[in-house]
Amino acid sequence: MKLINKFWGDFKETFTILNNYTLMHLLNNAIDAIEEGVGNQSSTPQIRIHAEVIDLNMVKIAIADNGTGIEESLRSHLFDPFFTTKSVGKGSGLGLSISHQIIVQKHRGNITYTSSVGQGAEFAIKIPIEQSEP
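Residue positions are given per chain, counting from 1 as you read along its sequence in written order. Only residues with pLDDT of at least 70 get local features here, since the model is predicted, and only at 80 or more are side-chain atom pairs given and counted; chain-wide, interface and lining totals rely on the full set of residues. Heavy atoms from the whole structure form the basis of all side-chain values; hydrogens and water molecules are not counted.

### Here we look at the side chain of Thr22
Here is step 1 of the chain: Secondary structure follows DSSP: runs of H or I at least 4 residues long count as helices, runs of E at least 2 residues long count as strands, and numbering of each begins at the N terminus. Position of Thr22 relative to the elements: it lies in helix H2 (residues 20-37).
Here is step 2 of the chain: If sequence neighbours within four positions are ignored, Thr22 has contacts with Ser99, Ile102, Ile103 and Ile125. Should any heavy atoms of two residues lie within 4.5 Å, those residues are counted as being in contact.

### Some words on the pattern of salt bridges
Here is step 1 of the chain: For this analysis, a salt bridge means a side-chain nitrogen from Lys or Arg found within 4 Å of a carboxyl oxygen belonging to Asp or Glu. Counting across every chain of the model gives 1 salt bridge.
Here is step 2 of the chain: Notably, a salt bridge pairs Arg75 with Glu72, separated by 3.1 Å at the nearest N-O pair.
Here is step 3 of the chain: Given the relative accessible area of 17%, Arg75 is considered buried.
Here is step 4 of the chain: Since its relative accessible area comes to 59%, Glu72 is described here as exposed. To sort residues, take the accessible area from a 1.4 Å probe on protein chains only and compare it with the maximum for the residue type: under 20% means buried, over 50% means exposed, and anything in between is partly exposed.

The following block contains the structure:
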């Protein structure tokens, strides 16, 4: 598996704010998607991490994979508590739900995704660089 990391030192504080749980969960999901697709791909399994400032006080962090992608019928439930596509014992169904809460409620950001079945998925987090107190 190839990991392409385009982090810049300027974002270190923002990543700390974001919470390790959220980033690790998204990375774990990307790894799981790639592992599911091993043998069905003609390209090298790959995870891409990219961060950029998108306006004066907003950073976008994207984690993309070239795994199995997300089926259309599942997409409306991705952020629902206890929803999982993983086998019993592999996932709790809480990762994306809790990540969504952390990003939206705690950091006043948003999380979106794009996906093509058989080609992979990308989750993008946008959060303010400067966090104000609630």
